[in-house]
Amino acid sequence: MIKFPEGFLWGAATSAYQVEGDNSNSDWWEWEIVTGQKDRSGKACCHYELFEQDFDIVKGLHHNAHRLSIEWARIQPQEHTFSDLELAHYLQVILALKERNIEPVVTLHHFTNPIWFSRLGGWENKASAGYFLRYCNKVVEALGKHVQFWVTINEPMVLISHGYIMGQWPPQKKSFLKAWVATGNMVNAHVEAYRFIHSYYKRNNLGRPRVSIAHNMMAFVASPENLKNNIASKLRQQWFNLAILDKLIRRKSLDYIGVNYYTRSVVDVGGWSLRNFSLDTSRKPEKPLPKNTMGWDIYPQGLYSLLTGIKKYNLPVFILENGICTLDDGQRWNYIRDHLTQLHRAINSGVNVLGYLYWSLLDNFEWDKGFGPRFGIVEMDYANFKRTVRESAKKYSEVCRTGTLI
Ligand code: IFM
């Protein structure tokens with residue numbers, strides 16, 4: 001039996017675009033149409049209407065924290081228009097959590113942008129940080145009184161690699177230069193939002209907020225082990241996992257490190273170009289592992305090595321996402337159990353961990369992969385939006401209730 005610290009935060013996460021439905025002013029909505037996606041987000045999980053029902057489920061599962069995101073395009077559908085109605089909606093959402101004694105963890109940006117923002121150049125535009133800050137002001141003024149944990153930007157490095165290097169997601173660019181510019185602007189956006197949130201809380205005597213990003217970290221494993229692959233793994237650990245943390249910590253803008261962890265990446269470099277060194281992977285590693293339905297290796301020990309690797313920053317860590325898409329719910333529970341075991345090992349090695357949020361509460365819209373992948377501890381019937389609590393949710397709920405894993 002393993003015991004987690006007192007006051008540990010337990011729960012699950014979602015993001016607005018993936019569960020709410022009808023986010024028609026967002027760039028992803030337009031992208032789904034223009035690129036003729038087979039699955040369109042449409043009503044998603046109808047969470048915009050059914051959030052109270054979902055939070056009843058969360059409460060019943062003994063979660064004491066819940067992560068959600070605010071859809072920027074709802075709050076600011078046009079550059080010069082802010083919607084009081086949508087701000088009021090999100091206030092209702094936050095209050096619905098608070099009434100149930102569930103700590104909200106609020107993300108301000110989770111992959112999607114308003115269409116007007118993308119038309120102005122999105123994150124490549126030098127003015128993007130300023131636009132983001134105006135939106136943050138509105139949200140923090142509306143919700144600040146009720147929120148302690150903020151996540152400014154979800155997985156900036158994933159957005160950069162999928163949107164600006166591999167060119168699979170909007171804005172579908174393939175340019176290291178553009179990626180570099182967009183990263184710089186996102187870093188500035190985070191720092192400005194961080195400073196604003198802190199000054200707002202101070203001015204209004206709201207106590208100390210906790211602000212971070214949700215950083216997707218991957219365990220990079222060289223296979224086969226040789227000089228080129230070892231160098232590439234070390235470079236990727238620096239570029240993908242550590243560089244942004246170094247920058248944000250240098251600018252004193254992290255109160256904790258928000259970690260999203262799913263898998264390892266097997267590094268096998270074919271050539272000598274920058275692209276080879278940054279992107280080449282192998283689907284045929286020497287030691288193959290079981291996978292999720294999207295083909296990601298299941299590699300729990302990676303969580304331990306990443307967490308002990310960031311202990312040097314001396315900041316608390318909060319696992320903001322960890323999860324598996326699978327049609328085998330027994331495999332889902334094993335995944336949760338094995339990752340919690342590694343998390344506990346990291347705690348025993350001196351990593352200060354504030355909490356763990358499973359991705360995701362609900363099956364939901366998995367971006368360019370549509371509705372196929374099933375990440376939820378709660379199953380979604382997209383035909384009628386019926387929610388069914390899975391066995392894995394019930395087992396996880398015992399961990400949440402008792403703080404122990406048997
Ligand atoms: O669904 C995504 C989420 O939006 C961000 N982190 C990874 C999840 C699974 O791919």
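Everything below is about the structure shown above.
This is a predicted model, so every value here is computed, not measured. All chains use their own residue numbering, which begins from 1 and follows the written sequence. This being a predicted model, a pLDDT of at least 70 is required before a residue's local features are given, and a value of 80 or more before pairs of side-chain atoms are given or counted; all residues contribute to the totals for chains, interfaces and linings. Working from all heavy atoms in the structure, the side-chain values ignore hydrogens and water.

Chemist: Whenever I open this one, the overall build of the chain confuses me. Can you help?
Modeler: Each helix and strand counted, the chain has 14 helices and twelve strands in total. By principal-axis analysis of the C-alpha atoms, the chain measures approximately 55 × 50 × 45 Å. Burial statistics for the chain: of 406 residues in total, 61% are counted as buried. Intrachain contacts of the chain at a sequence separation of at least 6 include 76% that bridge at least 24 residues. Charge assignment in this entry is limited to Lys and Arg as positive and Asp and Glu as negative, and neither His nor the chain termini are counted. By convention, the charge on Lys lies at NZ, on Arg at CZ, on Asp at CG and on Glu at CD. On the chain, the mean spot of the 48 positive side-chain charges and the mean spot of the 39 negative ones are 7 Å from each other. Helix and strand labels come from DSSP, where a helix needs a run of H or I of at least four residues and a strand needs a run of E of at least two; each type is numbered from the N terminus. The rule is simple: take the accessible area with a 1.4 Å probe, protein chains only, and divide by the maximum for that residue type; under 20% is buried, over 50% is exposed, in between is partly exposed. Any two residues whose heavy atoms approach within 4.5 Å at even a single point are treated as in contact.

Chemist: Looking at this structure, how should I read the site of the ligand?
Modeler: Being near a molecule or strand, for a residue, comes down to having at least one heavy atom within 4 Å of it. The full set of residues close to the ligand is Gln-18, His-110, Phe-111, Asn-154, Glu-155, Tyr-262, Trp-296, Glu-321, Trp-359, Glu-366, Trp-367 and Phe-375. The term polar contact refers here to a pair of N or O atoms within 3.5 Å; inside protein, the definition further demands a hydrogen-donor-capable atom paired with an acceptor-capable atom, and it admits residues adjacent in sequence only when both atoms are side-chain atoms. Between Gln-18 and the ligand, the recorded distance is 2.7 Å, taken from a side-chain N or O atom to an oxygen atom. Within the side chain of Glu-366, an N or O atom sits 2.5 Å from an oxygen atom of the ligand. The protein chains hide 96% of the 280 Å² of surface that the ligand would expose on its own. Classification used: nonpolar for Ala, Val, Leu, Ile, Met, Phe, Trp, Tyr, Cys and Pro, charged for Asp, Glu, Lys and Arg, polar for all others including Gly. Looking at the shell around the ligand residue by residue, the classes come out as six nonpolar, three polar and three charged. A 1.4 Å probe and the Shrake-Rupley method give the accessible areas. Residues count as covered only by the protein chains that appear here.

Chemist: Whenever I open this one, the layout of surface pockets confuses me. Can you help?
Modeler: It is a probe the size of a water molecule, rolled over the atoms, that shows where empty space is left. Only protein atoms enter the calculation, which uses a 1 Å grid: trapped sets of points that fit a 1.4 Å probe without letting it out are cavities, open sets showing protein on both sides within 12 Å along at least five of seven lines are pockets, and any residue with an atom within 4 Å of a point is a lining residue. Grid points are joined across faces, edges and corners, and a volume is the space filled by probe spheres set on the points. Size it by volume and the second largest pocket reaches roughly 260 Å³. Residue lining of the second largest pocket: 17 residues in total, with Asp-27, Glu-30, Ser-118, Pro-170 and Pro-171 positioned closest to the centre. When residues of the lining of the second largest pocket are traced back to their parent elements, those giving at least two are α2 (27-34) and α8 (156-165). Tallying contributions element by element places α2 first for the lining of the second largest pocket, with four residues.

Chemist: Teacher, can you tell me more about the sheet that holds strand β2 (residues 9-13) here?
Modeler: Strand pairing in a sheet takes place through backbone hydrogen bonds and is either antiparallel or parallel in direction. Spatial ordering of the closed barrel is given by β2-β3-β4-β5-β6-β7-β8-β9, a layout of eight strands whose pairing is parallel. Each strand axis lies, on average, 30° off the axis of its neighbour in the sheet, ignoring direction. Across eight bridges, the pairing between strand β6 (residues 210-222) and strand β7 (residues 257-267) is parallel. Counted as the bridge partner of Met-217 is Tyr-261 from β7. Strand contacts of α8: β4 (103-109), β5 (149-154) and β6, with the helix running at about 60° to β6, the strand carrying the most contacts. Any two strands between which DSSP finds at least two bridges are classified as paired. To obtain an axis, a line is fitted to C-alpha atoms, over the contacting stretch when the element is a helix, and the angle between two such axes runs from 0 to 180 degrees between their N-to-C directions.

Chemist: Just to check I follow, could you spell out the side chain of Ser-175 for this structure?
Modeler: Relative to the helices and strands, Ser-175 is located in the loop between α8 and α9 (176-203). With near-sequence residues (within four places) excluded, Ser-175 lies in contact with Tyr-164 and Ile-165.

Chemist: What should I look at first to understand the packing of aromatic side chains in this one?
Modeler: Each aromatic ring pair is characterised by the separation of its centres together with the angle its planes make. For Phe, Tyr and Trp, where Trp contributes only its six-membered ring, two rings pair if their centres lie within 6.5 Å, and the inter-plane angle classes them as stacked under 30 degrees, edge-to-face over 60, or tilted in between. In total, this model carries 39 aromatic pairs according to the counting rule given. Consider the rings of Trp-169 and Trp-367, whose centres lie 6.2 Å apart with planes at 40°: the pair is tilted. In this pair, Trp-169 sits in the loop between α8 and α9 while Trp-367 sits in the loop between β9 (353-359) and β10 (378-381), placing the two residues 198 residues apart along the sequence. When sorted by exposure, Trp-169 lands in the same class as Trp-367, which is buried. Aromatic side chains Tyr-262 and Trp-296 sit 5.6 Å apart centroid to centroid with 80° between the ring planes, which places their arrangement in the edge-to-face category. Highlighted residues: Tyr-262 in strand β7 and Trp-296 in the loop between α11 (274-279) and α12 (301-309), separated in sequence by 34 residues. Three or more aromatic residues joined by ring pairs make a cluster, and in this case those are Tyr-17, Trp-28, Trp-31, Phe-111, Trp-169, Phe-365, Trp-367, Phe-371 and Tyr-382. By definition here, charges over rings are those cases where NZ of Lys or CZ of Arg is within 6 Å of the ring centre and within 35 degrees of the ring normal. Positioned above the aromatic ring of Trp-29 is the side chain of Arg-40, whose terminal nitrogen or guanidinium carbon lies 5.3 Å from the ring centre. A cation sits over an aromatic face here: Arg-264 above Tyr-299, 5.4 Å from the ring centre.

Chemist: Explanation requested: the pattern of salt bridges in the structure shown.
Modeler: Pairing of side chains with opposite charge becomes possible as their charged atoms draw close. Salt bridges are defined by distance alone: a side-chain nitrogen of Lys or Arg within 4 Å of a carboxyl oxygen of Asp or Glu. Here the structure, examined in full by the defined rule, presents 21 salt bridges. Notably, a salt bridge pairs Lys-43 with Asp-22, separated by 2.6 Å at the nearest N-O pair. Taken together, the residues span a long stretch of sequence, with Lys-43 in the loop between α2 and α3 (47-60) and Asp-22 in the loop between α1 (16-19) and α2 at a distance of 21 residues. According to the relative accessible area criterion, Lys-43 is partly exposed, its value standing at 37%. Connected through shared salt-bridge partners, Glu-20, Arg-74 and Glu-86 make up one network.

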